[in-house]
Amino acid sequence: MKITRKIKRKWRKLIRKYIKQPIKKAIGQYGKEHPHFRKVWKRILYTKRRIYYWWRSHGATPDEKTVVFNSFNGKTYGCSPKAVYEYMISHEEFSDWQFIWAFKNAKKHKFLEENPNTKVVKQTARVYERKLAQAKYWITNYRVPDYVWPKPEQVYVQCWHGTPLKRLGYDLETSENAIDSIADIRSKYDMDAKKFTYILSPSQFASEKFISAWNLKETGMEDKVMEVGYPRNDLLLNYHTEDIRKIKEYIGIPEDKKVILYAPT
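Because the structure is a prediction, the values reported are computed rather than measured.

**Q** Honestly, the overall build of the protein chain in this entry has me stumped. Any pointers?
**A** Along its length, the protein chain carries 8 helices and 7 strands. C-alpha extents for the protein chain along the principal axes are approximately 60 × 55 × 40 Å. The burial tally for the protein chain puts 34% of its 265 residues in the buried class. The contacts in the protein chain between residues at least 6 apart in sequence include a share of 58% that link residues at least 24 apart. When the accessible surface of the protein chain is summed, it comes to about 18,000 Å², and 56% of that surface belongs to carbon and sulfur atoms. Put simply, the protein chain has 52 plus and 30 minus side-chain charges, and the middle of one group is 14 Å from the middle of the other.

As structure tokens, then:
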């Protein structure tokens, strides 16, 4: 049985490397040079993936005490999703909840399963999409795939990942993206706005920019913006002296020295 699985995995890798990836690259290159073809091809892919997601989520009832977390499209364990997760696992009222983390490199983050209520999954379509369908809550700081839509009873919390000092979505005047036009980008933001239940904001300035970027005022969805601050910043406001001591000890800074942080973007 194990040998059969290994052979299957090997063949999948070979097919992906020598057939799927070259074809995908060729289609992508052709699409850059032919906008009409690109638009049609994107619509075909969206429809195909949308059907797949419907099939994988069909019959799944979201569990009231299950949360799926994702940070930067599965690249990291961090930002506000991490802060929300660590708050939940440290409070008794969530002791019987289930937490799912999705990563591109699941093995690297298996340490999270030291918490018995936490499951780490590889962010492949079949596994990740099934988990999304089974969870009542989605917590992420990044866009979910275009073809993934929450059910009416699910709660999708968009944490975002910074203060919008640059233009986003509807505020863009020109597109530097070789693939997406301004119209394409606005369409994606329209789609996002319809999906998320809430988007967290750290300030009045950010709230105004989110409302503008996602066109929320014109679509009557301004109440989706929750100006409650980013969970990742809670420690900066509610720290204790012991937190400072631990950080200095961890990175080797003498306790009697003044600390200057230089953190360019």
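Let us keep going from here.
**Q** Honestly, the sheet that holds strand E1 (residues 63-70) in this entry has me stumped. Any pointers?
**A** The strands that make up a sheet pair up through hydrogen bonds in the backbone, lying either parallel or antiparallel. Spatial ordering of the open sheet is given by E3-E2-E1-E4-E5-E6-E7, a layout of 7 strands whose pairing is parallel. Across the chains shown, the open sheet's two edge strands, defined by having one partner strand only, are strand E3 (118-122) and strand E7 (225-226). Sheet topology note: the E1/strand E2 (residues 98-103) ladder contains 4 bridges and is parallel. Residue pairing for E2: Val67 is matched across the bridge by Phe99.

**Q** Looking at this structure, I do not really get a nonpolar patch on the surface. What am I missing?
**A** Among the surface-exposed residues, Ile7, Trp11, Leu14, Ile15, Tyr18, Ile19 and Ile23 lie close enough to one another that they form a single nonpolar patch of about 710 Å² accessible area. Residue position: Leu14 is located in helix H1 (residues 2-33).

**Q** I keep staring at the environment of Gly162 and nothing clicks. Help me out?
**A** Topologically, Gly162 is positioned in the loop between strand E5 (155-158) and helix H5 (182-195). With a relative accessible area of 15%, Gly162 lands in the buried category. When the C-alpha positions of Gly162 and Cys79 are compared, they lie 9.5 Å apart, and in sequence the two are 83 residues distant. Setting aside anything within four residues of it in sequence, one finds Gly162 in contact with Phe210, Tyr230 and Arg232.

**Q** What is the right way to read unusual backbone geometry from this model?
**A** Glycine aside, residues mostly have negative phi angles, and peptide bonds mostly take the trans form. A positive phi angle, near 50 degrees, is found at Phe72, a position not held by glycine. Within the secondary structure, Phe72 is located in the loop between E1 and helix H3 (79-89). A positive phi angle, near 60 degrees, is found at Asn73, a position not held by glycine. As for its placement among the helices and strands, Asn73 is situated in the loop between E1 and H3. Owing to a relative accessible area of 24%, Asn73 belongs among the partly exposed residues under this scheme.

**Q** Is there a simple way to think about the pattern of salt bridges in this case?
**A** Two side chains carrying opposite charge are able to pair once their charged atoms lie near each other. Here the structure, examined in full by the defined rule, presents 10 salt bridges. Between Asp146 and Lys188 there is a salt bridge, with the nearest N and O atoms lying 3.0 Å from each other. Residue Asp146 is found in the loop between strand E4 (135-140) and E5, and its partner Lys188 is found in helix H5; the two are separated by 42 residues along the sequence. The network of salt bridges with common partners includes Arg143, Asp146, Lys188 and Asp192.

**Q** Is there a simple way to think about H5 in this case?
**A** Along an α-helix, a turn takes 3.6 residues, which lines up residues three or four apart on a common side. Here H5 spans 20 Å end to end across 14 residues, near enough to the 20 Å set by a 1.5 Å rise per residue. Of the surrounding secondary structure, the elements contacted by the buried residues of H5 are helix H2 (35-57), E5 and helix H6 (204-213).

**Q** Help me out: how do you make sense of the pairing of E4 in this one?
**A** For a regular strand, side-chain orientation follows a simple rule: the groups alternate between the two sheet faces. Taking burial as the measure, the 6 residues of E4 include 5 buried ones, the bulk of the element. One ladder, built from 5 bridges, connects E1 with E4; its direction is parallel. Among the inter-strand pairings, Val67 is bridged to a residue of E4, identified as Tyr137. The pairing of E4 with E5 spans 4 bridges and is classified as parallel. Bridged to Ile139 within E5 is Val157.

**Q** What's the story with the nonpolar core in this structure? I'm lost.
**A** One recurring pattern in soluble globular proteins: nonpolar side chains tend to sit buried together. Counting 52 residues, the largest nonpolar core has Phe69, Met88, Phe99, Trp101, Trp138 and Trp214 as its most contacted members. If we ignore the near neighbours within four places in the chain, the residues touching Trp214 are Trp160, Tyr170, Tyr189, Asp192, Ala193, Phe196 and Ile199.

**Q** Mind showing me how you'd approach the packing of aromatic side chains here?
**A** Both the distance between ring centres and the angle between the ring planes are used here to describe each pair of aromatic rings. Evaluation of the coordinates by the stated rule reveals 19 aromatic pairs. With centroids separated by 5.9 Å and ring planes inclined at 80 degrees, the aromatic side chains of Tyr77 and Phe111 adopt a geometry described as edge-to-face. With a gap of 34 residues between them, Tyr77 in the loop between E1 and H3 and Phe111 in the loop between E2 and E3 connect regions that are remote in the sequence. Its relative accessible area of 18% is what places Tyr77 among the buried residues. Between Trp101 and Phe103, the ring centres sit 5.4 Å apart and the planes meet at 5 degrees, which makes this aromatic pair stacked. Each member of the pair, Trp101 together with Phe103, is buried.

Calculation criteria
- Residues numbered from 1 in each chain as written.
- Predicted model: local features only at pLDDT ≥ 70, side-chain atom pairs only at ≥ 80, totals over all residues.
- Heavy atoms only, no water.
- Helix = DSSP H or I, 4+ residues; strand = E, 2+ residues; numbered from the N terminus.
- Buried < 20%, exposed > 50% of the residue type's maximum accessible area, 1.4 Å probe, protein only.
- Contact = heavy atoms within 4.5 Å.
- Areas by Shrake-Rupley, 256 points an atom, 1.4 Å probe, with all protein chains shown as cover.
- Lys, Arg positive; Asp, Glu negative; His and termini not counted.
- Charge placed at Lys NZ, Arg CZ, Asp CG, Glu CD.
- Pairing = 2+ DSSP bridges.
- Patch = residues over 30% accessible without salt bridge, like charges linked within 9 Å, V, L, I, M, F, W, Y side chains within 5 Å.
- Salt bridge = Lys/Arg side-chain N within 4 Å of Asp/Glu carboxyl O.
- Expected span 1.5 Å × (residues − 1).
- Core = buried A, V, L, I, M, F, W, Y, C linked by side-chain atoms within 4.5 Å.
- Phe/Tyr/Trp six-rings, centres within 6.5 Å; stacked < 30°, edge-to-face > 60°.

Any functional reading would require information that these geometric values do not contain.
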